[in-house]
Amino acid sequence: MKELTHLDQLEAEAIYIIREVAAECENPVMLYSVGKDSSVMLHLALKAFYPEKPPFPFMHIDTTWKFKEMIQFRDRRAKELGIEMLIHTNEQGVKDGINPFDHGSAYTDIMKTQALKEGLDHYGFDAAFGGGRRDEEKSRAKERVFSFRNNKHAWDPKNQRPEMWKLYNTKLHKGESMRVFPISNWTEKDIWQYIKRENIEIVPLYFAEEREYIERDGNIILVDDDRMRVYESEKIIKNFIRFRTLGCYPLTGGCYSKANTLDEIIEETLGAISSERTTRVIDNEAVGSMERRKREGYF
Amino acid sequence: MSIQKSLLKFITCGSVDDGKSTLIGHMLYDAKLIFADQEKALELDSRLGSNEGELDYSLLLDGLMAEREQGITIDVAYRYFTTAKRSFIVADCPGHEQYTRNMAVGASFADLAVILVDASQGVLLQTKRHTRICALMGIKHIVLAVNKMDLIHYDKHRFEEIKRDFKTLCANFDLSSITVIPVSATLGDNITNKSSKTPWYKGQSLYEYLENIDVISDDVNREFIMPVQRVCRPNHTFRGFQGQIESGSLKVGEEITVLPMGEKANVTKILVTEKEEESAIAGEPITICLNKEIDISRGCVIVKDKKLEVADMFTASLFWMDNKEMVPGRNYLIKCGTKILPATVMSIKHKVDINSGKHISADQLFKNEIAEIDIALSEEMVFDNFARNKAIGSFILIDRVSNMTSACGVIKHGLRRSTNVIWQQNDVTREFRAIQKSQNPLSLWFTGLSGSGKSTLANAVEKKLVALGKHTMLLDGDNVRHGLNKNLGFKEVDRIENIRRISEVTKLMNDAGLITITSFISPYEKDRQSAREIIGDSYIEVYVATPLKECEKRDTKGLYAKARAGEIPNFTGISAPYEEPTNPDLKVQTVWRTVDEVASEIVEFIKEKI
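Residues numbered from 1 in each chain as written. Chains lettered and ligands numbered in written order. Predicted model: local features only at pLDDT ≥ 70, side-chain atom pairs only at ≥ 80, totals over all residues. Heavy atoms only, no water.

Some thoughts on the overall build of chain B
Moving on, step 1. Scanning chain B from N- to C-terminus turns up 16 helices and 28 strands.
Moving on, step 2. Every one of the 610 residues in chain B was classed for burial, and the buried ones make up 57%.
Moving on, step 3. Partitioning the intrachain contacts of chain B with sequence separation of at least 6 by distance along the chain shows that 71% fall at a separation of at least 24. (Helix = DSSP H or I, 4+ residues; strand = E, 2+ residues; numbered from the N terminus. Buried < 20%, exposed > 50% of the residue type's maximum accessible area, 1.4 Å probe, protein only. Contact = heavy atoms within 4.5 Å.)

Section: the overall build of chain A
Moving on, step 1. Assigned secondary structure in chain A consists of eight helices and 10 strands.
Moving on, step 2. In chain A, which comprises 299 residues, the proportion classed as buried is 64%.
Moving on, step 3. Across chain A, every contact between residues at least 6 apart in sequence was considered, and the portion connecting residues at least 24 apart equals 75%.
Moving on, step 4. As displayed, chain A has an accessible area near 11,600 Å², and 47% of this comes from carbon and sulfur atoms. (Areas by Shrake-Rupley, 256 points an atom, 1.4 Å probe, with all protein chains shown as cover.)

Quick notes on helix α13 (residues 525-535) of chain B
Residue and element names in this part refer to chain B.
Moving on, step 1. Within the span of α13, buried status applies to E525, K526, D527, R528, S530, A531 and I535.
Moving on, step 2. Contacts made by the buried residues of α13 are with β18 (331-336), β22 (394-399), β24 (443-447), α12 (492-511) and β27 (539-544).
Moving on, step 3. Following α13 by one or two positions, G536 adopts a phi angle in the positive range, close to 85 degrees.

Focus: the sheet that holds strand β1 (residues 6-14) of chain B
Residues and elements named next belong to chain B.
Moving on, step 1. An order of β2-β3-β1-β4-β5-β6 is seen for the six strands of this open sheet, with the pairing classed as mixed. Single-partner strands in this sheet number two, and they are β2 (77-82) and β6 (177-182). When strand polarity is set aside, the average angle formed by the axes of neighbouring strands in this sheet is 20 degrees.
Moving on, step 2. Of the pairings in the sheet, the one linking strand β5 (residues 141-147) to β6 comprises six bridges and is parallel in character. Bridge assignment links V143 to a residue of β6, and that residue is T179.
Moving on, step 3. The strands touched by helix α4 (residues 100-109) are β1, β2 and β3 (86-92); relative to β1, the strand with the most contacts, the crossing angle is about 155 degrees. (Pairing = 2+ DSSP bridges. Axes fitted to C-alpha atoms, helices over the stretch in contact; angles between N-to-C directions.)

Brief notes about the sheet that holds strand β7 (residues 209-216) of chain A
Residues and elements named next belong to chain A.
Moving on, step 1. A sheet is described by the order of its strands in space; here four strands give the open sequence β8-β7-β9-β10, paired in antiparallel fashion. What marks the edges here is a single partner per strand, and that holds for β8 (219-222) and β10 (255-256).
Moving on, step 2. Bridge count between strand β9 (residues 237-242) and β10: two bridges; the pairing is antiparallel. In the strand pairing of β10, I241 is matched with Y256.

Here's the deal with the packing of aromatic side chains
Moving on, step 1. The full count for this structure, using the stated rule, is 22 aromatic pairs over all chains.
Moving on, step 2. Measuring from centroid to centroid gives 5.7 Å for A:F49 and A:F56, while their planes differ by 80 degrees, and the two rings are edge-to-face. In terms of burial, A:F49 and A:F56 fall into one category: buried.
Moving on, step 3. Here A:F146 and A:Y168 contribute two aromatic rings whose centre-to-centre distance is 4.4 Å and whose plane-to-plane angle is 20 degrees, an arrangement assigned as stacked. Of this pair, A:F146 sits in strand β5 (residues 146-149) while A:Y168 sits in the loop between β5 and β6 (177-180), placing them 22 residues apart in sequence. An identical accessibility class is assigned to A:F146 and A:Y168; each is buried.
Moving on, step 4. Over the ring of A:W65 we find A:R227, and its NZ or CZ is 3.9 Å from the ring centre.
Moving on, step 5. Sitting above the plane of the B:Y524 ring, B:R330 keeps its charged end 5.3 Å from the centroid. (Phe/Tyr/Trp six-rings, centres within 6.5 Å; stacked < 30°, edge-to-face > 60°. Lys NZ or Arg CZ within 6 Å of the ring centre and 35° of its normal.)

Here we look at the pattern of salt bridges
Moving on, step 1. Applying the stated criterion to the full structure yields 57 salt bridges over all chains.
Moving on, step 2. Across the pair A:D225 and A:R227 runs a salt bridge whose closest N-O atoms are separated by 3.1 Å.
Moving on, step 3. Looking at A:R227, the relative accessible area reads 34%, which means it is partly exposed.
Moving on, step 4. As a salt-bridge pair, B:R500 and B:E497 come within 2.9 Å of each other at their nearest N and O atoms. One end of the pair is B:R500 and the other is B:E497, both in helix α12 and three residues apart, which spans about a single turn.
Moving on, step 5. Since its relative accessible area comes to 34%, B:R500 is described here as partly exposed.
Moving on, step 6. The network of salt bridges with common partners includes A:D8, A:E11, A:K47, A:R197, A:E198, B:E274 and B:K275. (Salt bridge = Lys/Arg side-chain N within 4 Å of Asp/Glu carboxyl O.)

Describing the nonpolar core
Moving on, step 1. Core analysis: the largest hydrophobic core is formed by 68 residues, its most contacted members being A:L44, A:F58 and A:W186.
Moving on, step 2. Residues within four places of A:W186 in sequence aside, it is in contact with A:L10, A:E11, A:A14, A:V40, A:L44, A:R133, A:D135, A:I191 and A:Y194.
Moving on, step 3. Within the second largest apolar cluster, 53 residues are counted, among which are B:F109, B:I152, B:C170 and B:I370. (Core = buried A, V, L, I, M, F, W, Y, C linked by side-chain atoms within 4.5 Å.)

Looking at the environment of A:Y168
Moving on, step 1. Overall, A:Y168 belongs to the buried group, its relative accessible area being 5%.
Moving on, step 2. Along the chain, A:Y168 and A:I83 lie 85 residues apart, while their C-alpha atoms are 26 Å from each other.
Moving on, step 3. Apart from the residues within four sequence positions on either side, A:Y168 is in contact with A:Y16, A:I17, A:E20, A:E24, A:V145, A:F146, A:E163 and B:K335.

What to know about the pairing of β7(A)
Residue and element names in this part refer to chain A.
Moving on, step 1. In terms of strand pairing, β7 meets β9 through five bridges, oriented antiparallel. Looking at the pairing, Y213 lines up with I237 of β9.
Moving on, step 2. Here β7 runs beside β8; their pairing, made up of four bridges, is antiparallel. When the bridges of β8 are listed, E215 appears paired with I220.
Moving on, step 3. Adjacent in sequence and paired antiparallel, β7 and β8 are bridged by two residues, among which D217 carries a positive phi angle near 50 degrees.

Notes on α4(B)
Residues and elements named next belong to chain B.
Moving on, step 1. Of all 10 residues making up α4, 10 are buried, and the element is well covered by its neighbours.
Moving on, step 2. Inspection of α4 places T100, R101, N102, M103, A104, V105, G106, A107, S108 and F109 among the buried residues, and these make up the whole buried set.
Moving on, step 3. Buried residues in α4 make contact with β1, β2, β3, α5 (125-136) and β17 (309-320).

Concerning the pairing of β22(B)
Residues and elements named next belong to chain B.
Moving on, step 1. By the criterion of burial, β22 is predominantly enclosed, with six of the six residues buried.
Moving on, step 2. Of the two faces of β22, the one holding S394, I396 and I398 and the one holding F395, L397 and D399 are both buried throughout.
Moving on, step 3. Taken together, the four bridges between β18 and β22 define a ladder with antiparallel strand orientation. Bridging from a neighbouring strand, I334 pairs with L397 of β22.
Moving on, step 4. Pairing of β22 with strand β23 (residues 405-414), which is carried by five bridges, proceeds in the antiparallel orientation. Bridged to I398 within β23 is T405.
Moving on, step 5. In sequence, β22 turns back onto β23 through a hairpin of five residues, with N403 there showing a positive phi of about 65 degrees.

Structural notes on the packing of helix α2 (residues 36-49) of chain A against helix α6 (residues 188-198) of chain A
Residue and element names in this part refer to chain A.
Moving on, step 1. Relative to each other, α2 and α6 sit at 55 degrees, their axes nearing to 10 Å. Comparing their axes, α6 and α2 come out oblique. Crossing angle aside, the handedness with which α2 passes α6 is left-handed. Facing K36, D37, V40, H43, L44 and K47 of α2, the residues of α6 in contact are E188, I191, W192, Y194, I195 and E198.
Moving on, step 2. Tallied by class, the residues present in the contact of α2 with α6 amount to six nonpolar, one polar and five charged. (Parallel < 35°, antiparallel > 145°, perpendicular 65-115°, else oblique. Left-handed = near helix turned anticlockwise from the far one by under 90°. Nonpolar A, V, L, I, M, F, W, Y, C, P; charged D, E, K, R; others polar.)

Comments concerning the state of the cysteines
Moving on, step 1. Applying the stated criterion to the full structure yields zero disulfides over all chains.
Moving on, step 2. Between A:C255, a free cysteine, and A:C248, which holds the nearest cysteine sulfur, the sulfur-to-sulfur gap is 18 Å.
Moving on, step 3. Take B:C134: it sits in no disulfide, and the sulfur closest to it among the cysteines is that of B:C13, at 4.0 Å.
Moving on, step 4. Look at B:C134 and you get buried, because its relative accessible area is 0%. (Disulfide = S-S within 2.5 Å.)

Some thoughts on the confidence of the model for chain A
Residues and elements named next belong to chain A.
Moving on, step 1. For chain A, mean pLDDT is 86; residues scoring 70 or higher make up 90% of the total.
Moving on, step 2. Highest mean pLDDT in chain A belongs to strand β1 (residues 28-31) (96); lowest belongs to helix α8 (residues 289-295) (64).
Moving on, step 3. Here residues 282-287 is modelled with pLDDT under 50, and outside its nearest four sequence neighbours on either side it reaches 12 contacts, counting other chains as well. (pLDDT = per-residue confidence, 0-100.)

Structural data, given as structure tokens:
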């Protein structure tokens, strides 16, 4: 007799959630950030509706500062899979020259949070799938799978809707929306093991390779294009590095590694002594910074 | 490393300051499951906090700013860890009574509960409440961790006393196992390893227990049940039904029955996600194809040969979670499995006293209360007893105005009454009666404050309709209360029943082919929504929007003066609220216009429809 493994159970739970949204919400969208979690979520969406294509579009919030390889990967995958990939950028932010070097946390707010809200409002989406996992961060650990947002996209952590069994409440008033996290209960290890089991294609930046970077404030920052500001005190180094998590290249730290197969990555992840988000520069700014951004509409 | 591990979902709960977060924090820390940066942050936070630089493990879990400010847990935190034997998801639940509903959220998710008590305090009211909710939500295995044993000098007798109290509490719950362990969450006694300070304790440490307890249910061996989540139609050659198998298994070639219709067909294809398989088991997400065209939609339940209940009334245990109280008669949406329907709580059979478990009579329910109730549905639904099947034996109630998840419940049994009262098929139909009168029956539902001019307008409108040769009937609030609703008062529960009866009568009048005009204050949005629900498409809401000041000035019946003098309690507009219609079909002004003008406007508005 067959028995469901830990990964089978997580997969089944995610597929159930994805199907519920498709069945009950009027205008859902799946947010696609090109990272490993997004790749897993996209894969789950393809499985959930097979032989039908996912009955909703995908959307990437492009800050214009993503790694080049991410953008290439995004465009190629969307074409190969024949899915609708919407791309949204905060054009006003681009016009105002908002960038990760000069504008610090305002950059994240304008190019990510504001852009996301703008994108969702523009298309009138009432539910947006996100690849957030509860093991990433403490305020995420407290969030529901169906996370209610008011008409300003704000999250109220003190007054979340009760979520019982598998009975998700998707009822909304006009202007309100849901952020839905089908892989809430997955850990970083589960993600990697699933990527291996299902043979899911991911951006090559996750694998170690000789790359050019600089060291800044203890972070390894890739010199991805000529917009990268290299100060006189810094020098460009070439060595084997890879990324555990991907965001905007000037704000995402890499790690020294020679792991260039999934097995090596899994081994490295299992032995990791720091959590994956340590390499996200913005999380470390202040206590509760993630929660504060989420209250304002960030994922 | 093997990935073929089982997954155990458990919760920790109990009263405030019993040390839940500390316990989990300690387990994660001991098991070296905390990353270096989190450990560093923990040390930093502990130094800032009140614990004098000692590691404060609870800070690992209380992640919200408000929680840190107040030093309490507000919402469930989910944590993940893996040991050599098992993968775990633990939901750390808040202890404060105010956040009991968040504790229930954690309980609905778990297979097992670790309930903490403070050894120096023993079994408290909140311990009882949490244990009762765990049992209600279907948890079968409970561990009582008697914490802070260090504070009572590892006293065996006190421990035995608490154990006895707890077993008495659980005597009437349907549980598979109760285990009691003496621990100290701060010092680590009997958490990961057996403690030398409790030589009299012969059982396992908490960690060993969690790694070894068998909670696997026999879902695989039971009969096949799959609620349909969605129909998959990528093109006209493929028609599949998608859902998750809730129990049992299915093979290609087997015959299935689709409920509630009861139609049968054979399975021609099974997809487990995207892979075609010969069979599938409980827990798997599948897509199935059948050898016959049956009209199956979301909310149907596919079974093999199991007989499930199909009825439009049932008895259930309910846990009320909304800040607004529950009053029988109100209309909610129910979600059970993948089915969503309008539903009404008909009656509260009794409330359950959290402390003693005794049954108490009640006519309304408040937040965090448990009761046994009867629910009526707007149409037949497939369900099962919760103990036999969690997936179609559990439900939530959604408030139709706020959209809040107001309650959750577990179904006990269907009510015979519903299957015994059968719709009589009449040869003379509503349509026939309408044609005979050459009109379309409608219900004009006037709502507005007392003195707004509803009755005057209703009277004028009826006269105009009669002049047009229409057949009408007028129902007036005061008149109905002299007869049909003589036994009802003005409390909220009575007002709801008043509106329900009037709605049903109005519908019957429509069935008779009549254009019905009603004139009732009907102050609550929810009740007007129920009226709309009962009466259906022929319901037309006319809001007579006369300002309170003007109504009070008119005071045609002298009621405002009495209300102001405190002689009438619960008077709408003065001491009871009037919820303005947010979306009336027609809103009329009566201040600067004559009755005739407004009545003509209303008749003009419905002319096309009748």
